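Listed below are the residues making up each chain.
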Amino acid sequence: MRHFTEICPFPESERKRLAARSYILWGIPTGGIGAEIGVFRGHFSEAIAKRLKPKKYYLIDPWTCAGETFDWGDAYTNFGALKTADARDEAVNRVRSASDAEVVVVEGYYPLCEDQIEEKLDWAYLDASHSFENTLNELRHIAKQMKPQGVIFGDDWQPDPAHEHHGVFRAVQQFSRTSNWQIVACGPGAQWKLHRMKRPNAKKHANATNAASAQTKDVKKPKPVKKRSD
Ligand SMILES: C[S@@+](CC[C@H](N)C(=O)[O-])C[C@H]1O[C@@H](n2cnc3c(N)ncnc32)[C@H](O)[C@@H]1O
């Protein structure tokens, strides 16, 4: 009997890219609760699970909600031969074989299914719709589901305006310009990563403000300058 991966091979170019992407996992705390939005067959989920050893891993993808097979992707989806249920099962098996994580499968379109994420997240990997508007919307929603020190990271940082996934590049930058999240890594392996900007220490800030206003009270008002009548 032929093995599933022989019937539905994963493109060699994507297999090679997996290694180029893994650096983005460095610095993310292990043992946390994370979510991947846009999972497909779980090739990168396996790398995430192996490196980050999550306690709980939400795998979010429409899979069978999108139909029996994928209607996009050419070689990536084996020209219509790959079944969405097989992709889902492969992803779950990959994560289970790489870690002891509690795996939560969410078959749905993010953010419509956001309520199925039960707790705040330590990290979220975004690799879903890829259009500018939808990615920006996904970022705005996932940001609200993150712990204060949470990390959002993802795939398809494509600076070339002609690239089909250029929308992600634009959305991540637009999001960082309009929120308190800043880009801390981007480029190699088409990866990107966002951290929340640290707010100034509220107490220190208040003390500094009080000291400044006390100083202003001591400053003598300048005498009014007489207008010259000539
Ligand atoms: C490029 S693949 C993900 C690849 C995977 N992250 C990896 O690195 O191997 C994109 C996936 O996003 C899924 N997707 C598209 N729109 C989505 C949405 N709104 N929410 C969640 N997943 C979505 C697709 O079904 C597809 O499986």
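Scoring rules and cut-offs
- Residues numbered from 1 in each chain as written.
- Predicted model: local features only at pLDDT ≥ 70, side-chain atom pairs only at ≥ 80, totals over all residues.
- Heavy atoms only, no water.
- Near = heavy atom within 4 Å.
- Polar contact = N/O pair within 3.5 Å; in protein donor to acceptor, adjacent residues only side chain to side chain.
- Areas by Shrake-Rupley, 256 points an atom, 1.4 Å probe, with all protein chains shown as cover.
- Nonpolar A, V, L, I, M, F, W, Y, C, P; charged D, E, K, R; others polar.
- Pairing = 2+ DSSP bridges.
- Helix = DSSP H or I, 4+ residues; strand = E, 2+ residues; numbered from the N terminus.
- Salt bridge = Lys/Arg side-chain N within 4 Å of Asp/Glu carboxyl O.
- Buried < 20%, exposed > 50% of the residue type's maximum accessible area, 1.4 Å probe, protein only.
- Arc of directions from axis to C-beta.
- Contact = heavy atoms within 4.5 Å.
- Axes fitted to C-alpha atoms, helices over the stretch in contact; angles between N-to-C directions.
- Expected span 1.5 Å × (residues − 1).
- Core = buried A, V, L, I, M, F, W, Y, C linked by side-chain atoms within 4.5 Å.

Asker: Would you take a moment to explain the site of the ligand for this structure?
Answerer: What surrounds the ligand is a group of 20 residues, the closest being R21, E36, G38, D61 and D127. A distance of 2.9 Å separates a nitrogen atom of the ligand from a polar side-chain atom of E36. Interatomic distance of 2.9 Å between a backbone N/O atom of Y110 and a nitrogen atom of the ligand. Contact with the protein chains covers 90% of the free accessible surface of the ligand, which is 600 Å². Broken down by class, the residue content of the shell around the ligand amounts to 11 nonpolar, 4 polar and 5 charged.

Asker: Explain the pairing of strand β3 (residues 102-107) here, please?
Answerer: It is a general feature of regular strands that their side chains alternate between the two faces of the sheet. Where strand β2 (residues 56-61) lies against β3, 6 bridges are found, and the strand directions are parallel. Across the sheet, L59 pairs through a bridge with V105, a residue of β3.

Asker: Would you explain the pattern of salt bridges in this entry?
Answerer: Opposite charge on two side chains allows them to pair when their charged atoms are near. This model, assessed by the stated rule, comprises 12 salt bridges. D155 is the salt-bridge partner of R17, the closest N and O atoms lying 2.7 Å from each other. In this pair, R17 is assigned in helix α2 (residues 12-21) and D155 in the loop between β5 (146-154) and α6 (166-177), connecting sequence segments 138 residues apart. D155 shares its class with R17; the two are buried. Among the charged side chains, a network of salt bridges with common partners joins E14, R17, R21, D127 and D155.

Asker: Explain α2 to me, please; I cannot follow it from the model alone.
Answerer: Quick reminder: α-helices carry 3.6 residues per turn. Residues three or four places apart thus point the same way. Among the residues of α2, E14, R17, L18 and R21 are the ones counted as buried. The arc that holds the buried residues of α2, viewed along the axis, is 120°, so those residues lie on one side. Summarising the geometry of α2, the exposed residues directed more than 90 degrees from the buried face are K16 and A19. Among the structural elements, α3 (43-52) and β4 (121-126) are those in contact with the buried residues of α2.

Asker: Hey, could you run me through the environment of K198 in this one?
Answerer: In this fold, K198 is placed in the loop between β7 (192-196) and α7 (202-218). Classification of K198 as exposed rests on a relative accessible area of 78%. Spatially, the C-alpha atom of K198 lies 9.4 Å from that of P148, the residues being 50 residues apart in sequence.

Asker: Help me understand the environment of V103, please; the structure alone is not making it clear to me.
Answerer: Looking at the element boundaries, V103 is found in strand β3. Residues V103 and N93 lie 10 residues apart in sequence; the distance between their C-alpha atoms is 9.8 Å. Here V103 is in contact with Y57, L59, V92, V95 and R96, once residues within four sequence places are set aside.

Asker: What exactly am I supposed to notice about the sheet that holds β7 here?
Answerer: Strands in a sheet are paired, the pairing made by backbone hydrogen bonds, and the direction either parallel or antiparallel. Taken in spatial order, the 7 strands make up an open sheet running β3-β2-β1-β4-β5-β7-β6, and their pairing is mixed. At either end of the open sheet lies a strand with only one pairing partner, and these are β3 and β6 (181-186). Here the average twist between neighbouring strands, direction ignored, is 20°. As paired elements, strand β1 (residues 33-37) and β4 share 4 bridges and run parallel to each other. Within the sheet, the bridge partner assigned to I37 lies in β4 and is L126. Packing against the sheet, α6 makes contact with β6 and β7, and its axis sits at approximately 140° to β6.

Asker: Help me understand helix α4 (residues 84-98) in this model?
Answerer: Across its 15 residues, α4 extends 21 Å between first and last C-alpha, which sits within 8% of the 21 Å expected from 1.5 Å per residue. On its buried side, α4 packs onto α1 (4-7), α3, β2 and β3.

Asker: Please explain the nonpolar core as it appears in this structure.
Answerer: When a protein is soluble and globular, its nonpolar side chains tend to lie buried together. Y58, I60, L121, L139, I142, I152 and W192 are the most contacted members of the largest nonpolar core, which has 29 residues in total. Elements with a contribution of two residues or more to this core: β1, β2, β3, β4, α5 (132-144), β5, α6 and β7. Apart from the residues lying within four places of it in its own chain, the contact partners of Y58 are I33, G34, A35, E36, V104, V106, Q116, I117, E118, E119 and L121. In terms of nonpolar packing, the next biggest core, distinct from the first, is built from 28 residues, C8, A49, A91 and A98 among them.

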